[in-house]
Amino acid sequence: MASISDFNIASTAETDREHRVLLCLLHALCDAVREKRDAESVGEILEQLIAFGEAHFTSEELLMRLNSYDDYENHADEHIHMLDMLNKIVADHTTGHSSRILGKAEEVLGYIDNHIATSDKRFADHVRRGT
Ligand SMILES: [Fe+2]
């Protein structure tokens, strides 16, 4: 029978996969803007990015709750900040300010990269230790 430790290991692996998808979508957004693809294509990537980001952050926050994580509030605040950054890009896209998108998308990419390397790593270590 699977134990809570098996569940935590599987969850951490799934979270790693989701991080790769998130980074892949952000790179796809940067590429689409650099290649000056049409507004509909950029909009589709943005839509996927927001939907996937929201789902991923929600599942990660649930895992933090399940593991009584001590840094939940700070970590969740970073998720909110990332979604705010993404929603600002959507606003620029919707209002036709496409020249602002690349810089902001690269900024989100840097922020998420750092978040994964620091906050997400801290949480993954917490889950692995089972504390
Ligand atoms: Fe996170």
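Now for a quick tour of the structure. (Residues numbered from 1 in each chain as written. Predicted model: local features only at pLDDT ≥ 70, side-chain atom pairs only at ≥ 80, totals over all residues. Heavy atoms only, no water.)

**Overview of the nonpolar core**
The tendency in soluble globular proteins is for nonpolar side chains to be buried side by side. The biggest cluster of nonpolar side chains holds 25 residues, and the ones touching the most others in it are Leu26, Leu29, Leu49, Leu86, Ile89, Val108 and Ile112. Of all elements in the fold, only α1 (4–34), α2 (39–66), α3 (72–94) and α4 (101–129) reach the threshold of two or more residues within this core. Counting residues per element, this core draws most heavily on α1, which supplies eight residues. Excluding residues that lie within four positions of it along the chain, Leu29 makes contacts with Val42, Ile45, Leu46, Leu49 and Ala105. Core analysis: the second largest hydrophobic core is formed by seven residues, Tyr69, Tyr72, Ala76 and Val127 among them. (Core = buried A, V, L, I, M, F, W, Y, C linked by side-chain atoms within 4.5 Å. Buried < 20%, exposed > 50% of the residue type's maximum accessible area, 1.4 Å probe, protein only. Helix = DSSP H or I, 4+ residues; strand = E, 2+ residues; numbered from the N terminus. Contact = heavy atoms within 4.5 Å.)

**A word on the coordination of the iron ion**
At this site the iron ion is bound by Glu60 (OE), His75 (NE2), His79 (NE2), His115 (NE2) and Asp120 (OD), with donor distances of 1.9 to 2.3 Å. The sequence pattern formed by the donor residues of the iron ion is E-x14-H-x3-H-x35-H-x4-D. Note that His79 is positioned in helix α3 and Asp120 in helix α4, a separation of 41 residues in sequence. Like Asp120, His79 is buried. (Donors = N, O, S within 2.8 Å, 3.2 Å for Na, K, Ca; no water.)

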